[in-house]
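Structural overview for review
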Amino acid sequence: MKPFTLVRPTSLAEAARLSAASDAEIKAGGVDLVDRMKEGIDSPKTVVSIVEIAGYDRIEPGPPARLGALATLARIADDAGLRKAYPALADAAAGAATPQIRHMATLGGNLCQRPRCWYYRLEEFECRKKGGDDCFARDGENRFHAVFDTDLTCCCVHPSATGTALLAYGASLDVVGPKGKRTLPIDRFFHRPVKDPTRENTLTAGEIVAGVAIPAPAAGSRSAYRKLKEKESFDWPLVETCVAFTLSGGTVRGARVVFGSVAPTPYRSMAAERALEGGTPSDALAKKAAEAAIAEAKPLSQNAYKVTLAKVELERALRQAWA
Amino acid sequence: MARRREKLPPDRSKALVAMTVNGERVEAPFEPHKTMLEVLREDLALTGTKHGCELGECGTCAVLLDGKPVLSCLVLGLECEGRSVETVEGMAGPEGLHPLQKAFADLGAAQCGYCTPGFLLTAKALLEENPRPTLPEIRQALAGNLCRCTGYVKIFEAVELAAAWLRGEAAEPRKESLYGYDFDESGLLPSHPGPVGAVLAAAREAAVDEGGDKPRPYRAKAR
Ligand SMILES: Cc1cc2nc3c(=O)[nH]c(=O)nc-3n(C[C@H](O)[C@H](O)[C@H](O)COP(=O)(O)OP(=O)(O)OC[C@H]3O[C@@H](n4cnc5c(N)ncnc54)[C@H](O)[C@@H]3O)c2cc1C
Ligand code: FES
Ligand code: FES
């Protein structure tokens, strides 16, 4: 790790001012940032630690819920009120990473973590995410890479489990920046690498996620989160699936269908949502939605299997949610 | 030809950080960009905590920070200022091994032993929170610790056994263990160089002998 200066401001506004410099990085739990610094793919001169700033680790389950960006994944997973109102978020947090990491990892850090593409994570590969000219995964080792949105500049997958769940719940983010506060709907938070693959979200210099607000679920609302992985104990997901909808008069309304770890951002399948709207829960409806979802997939050379997984997992998630 | 003695880098590069390590309050000088794992092993001579993947994937570097298991390879040393760190060296007491250590030894839950410190501390945190964990709860709590030798079964059994001992029950291993026999505990006590403070004092003297500067106390900036 290259030497750096650690600063520990006492307010988010001050942290925003300090982290606006191009050679500064915010540090929350440090699970992702410290790793990147040790691997030599990031060498900030100033590390702005926000993890001890008071007042941002609260969990108010509501509903509507308000979560501070410094709430750890372990506490989100364990909160009984959250689990009752937003089971998919609790399951997403509980299934991410390992017990030790969940004690360290924060919600804000989980949303803002950088991808795990092995070319990006190796110092030796000057990939597009690091400002280079090539996406090495496109014609290289890509069995864990994207199967949706693969025609963009980078085909990594976004690793955030909480992002997948919060996108399904239509959450919004409280953002603090050098110029003040704003509210950012999560639908506009993740950045598709259409032109610029060097970032995964739309925060601007110095902006910090302060918290997350999740709307109260309507009467009859249902949701489910599923994570499929190779190793049972813990693993990065092959495919994550999150669904949220309401059942009114026996029909599905306002469904949001989100896949994680299949695209450079948590991926909302509007095609599946349209297929579900107004339908009556049944295996046939689940199949119809899953087929609509994967019709948009464009897998790479080694990962067509992930398309099959996404289809099966969406059917399972829907059956789980309306059971 | 006699080699010229290398002069130590000036200790100005180091920060002096107050923390509690295994119950002992120390002021530890270390380079401010080190991880807690590096500080423990290189500056405090506590080599019981192991380097594994350095990525958060293996759990062998797990220590307790304010009682919670964390991965010391991903924690900055500076951020331990004012906090309490427990490593495997702090587990055995004057009465001998911690029940978890004894159960691991009795059941053969350690083979090469590289993963053991991380398992022991993670299990200790579990048993402090949940004195009567079920087998699935033990598996879940230890899910972030990899072992390449034992196949895990003996580790889970050892945690169950130690949990019973800690509850004051006269428990036996739940089934005949392949390696189950009583070890001579004297040979198992981790050997480490005594109080960390003594190690640091000796290092300080050596540094002054070599003409290094005194490290300056670390105080969090802008706090
Ligand atoms: C072995 C392993 C397995 C894992 N498996 C999973 C998994 O299955 N699912 C999953 O979702 N994750 C997984 N992770 C990733 C882990 O959950 C994240 O690294 C962690 O959540 C990051 O949170 P942090 O607080 O430590 O962030 P940090 O490392 O402190 O920060 C991460 C990034 O976000 C920025 N940042 C942090 N907080 C904020 C904020 N409030 N506002 C703006 N920017 C911010 C930082 O500048 C940095 O660039 C895994 C990690 C490991 C090591
Ligand atoms: S060395 Fe820290 S988790 Fe492997
Ligand atoms: S005993 Fe060898 S790795 Fe666990």
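Rules used in this analysis
Residues numbered from 1 in each chain as written. Chains lettered and ligands numbered in written order. Predicted model: local features only at pLDDT ≥ 70, side-chain atom pairs only at ≥ 80, totals over all residues. Heavy atoms only, no water. Helix = DSSP H or I, 4+ residues; strand = E, 2+ residues; numbered from the N terminus. Contact = heavy atoms within 4.5 Å. Areas by Shrake-Rupley, 256 points an atom, 1.4 Å probe, with all protein chains shown as cover. Phe/Tyr/Trp six-rings, centres within 6.5 Å; stacked < 30°, edge-to-face > 60°. Lys NZ or Arg CZ within 6 Å of the ring centre and 35° of its normal. Pairing = 2+ DSSP bridges. Near = heavy atom within 4 Å. Polar contact = N/O pair within 3.5 Å; in protein donor to acceptor, adjacent residues only side chain to side chain. Core = buried A, V, L, I, M, F, W, Y, C linked by side-chain atoms within 4.5 Å. Buried < 20%, exposed > 50% of the residue type's maximum accessible area, 1.4 Å probe, protein only. Buried area = accessible area lost by both parts, 1.4 Å probe. Salt bridge = Lys/Arg side-chain N within 4 Å of Asp/Glu carboxyl O. Nonpolar A, V, L, I, M, F, W, Y, C, P; charged D, E, K, R; others polar.

Helices and strands together make up the secondary structure of chain B, namely six helices and six strands. Traced from its N-terminal end to its C-terminal end, chain B shows the element sequence β-β-α-β-β-β-α-α-α-α-α-β. Pairs at least 24 apart in sequence give 63% of the contacts found in chain B among residues at least 6 apart. Counting every atom, chain B has about 11,300 Å² of accessible surface; 53% of that belongs to carbon and sulfur.

All names here are of chain A. Summed over all chains, the structure comprises eleven aromatic pairs over all chains. Where F125 meets F136, the ring centres are 5.0 Å apart and the plane angle is 70°; that geometry is what we call edge-to-face. Of the two residues, F125 sits in the loop between α8 (118-121) and α9 (161-168) while F136 sits in the loop between α8 and α9, which places them eleven residues apart along the sequence. In textbook terms, an aromatic cluster arises when at least three aromatic residues are bridged by ring pairs, as seen for Y119, F125 and F136. Sitting over the face of the ring of F234, K231 holds its NZ or CZ atom 3.8 Å from the ring centroid.

Before going further, it helps to examine the pairing of strand β4 (residues 68-71) of chain B. Residues and elements named next belong to chain B. Relative to β4, strand β3 (residues 62-65) runs antiparallel, the two sharing four bridges. Paired with L64 across the two strands is P69, which belongs to β4. A loop of two residues connects β3 with β4, the two strands running antiparallel in sequence, and D66 in this loop sits at a positive phi of about 50°.

This paragraph deals with the site of ligand 1. Lining the immediate environment of ligand 1, one finds 37 residues, of which I26, A28, G30, T106 and K227 of chain A sit closest. Near ligand 1, the surrounding residues are drawn from chains A and B. At a separation of 2.8 Å, an oxygen atom of ligand 1 approaches a polar backbone atom of D32 of chain A. Between A97 of chain A and ligand 1, the recorded distance is 3.3 Å, taken from a backbone N or O atom to a nitrogen atom. Relative to its unbound accessible surface of 990 Å², ligand 1 loses 98% to contact with the protein.

To continue, consider the nonpolar core. Residues L89, L166, F189 and I214 of chain A together with M19, M36 and L44 of chain B are the most contacted members of the largest nonpolar core, which totals 78 residues. Each residue touching M36 of chain B, except ones within four places of it in the same chain, is listed here: V63, L65, V70, S72, V75, L76, G77, C80 and V85 of chain B. With 30 residues, the next largest nonpolar core counts L247, L276, A290 and V307 of chain A among its residues.

What follows deals with the interface of chain B and chain A. Taken together, the contact between chain B and chain A spans 33 residues of the former and 34 residues of the latter. Overall, the association of chain B and chain A removes approximately 2,700 Å² of surface from exposure, summing both partners, and the carbon and sulfur fraction of that is 58%. Contact with chain A buries area across many residues of chain B, yet H33, L74 and E79 of chain B alone supply 24% of it, more than any other trio. Put simply, chain B and chain A have four salt bridges between them. The interface formed by chain B and chain A holds eight residue pairs in polar contact (both at pLDDT 80 or more) in total. Looking at the side of chain B that touches chain A, the elements that each hand over two or more residues are β4 and α4 (135-141) of chain B. Looking at the side of chain B that touches chain A, the element that brings in the most residues is β4 of chain B, giving four residues. When the residues that make up the side of chain B that touches chain A are grouped by side-chain class, the tally is 17 nonpolar, seven polar and nine charged.

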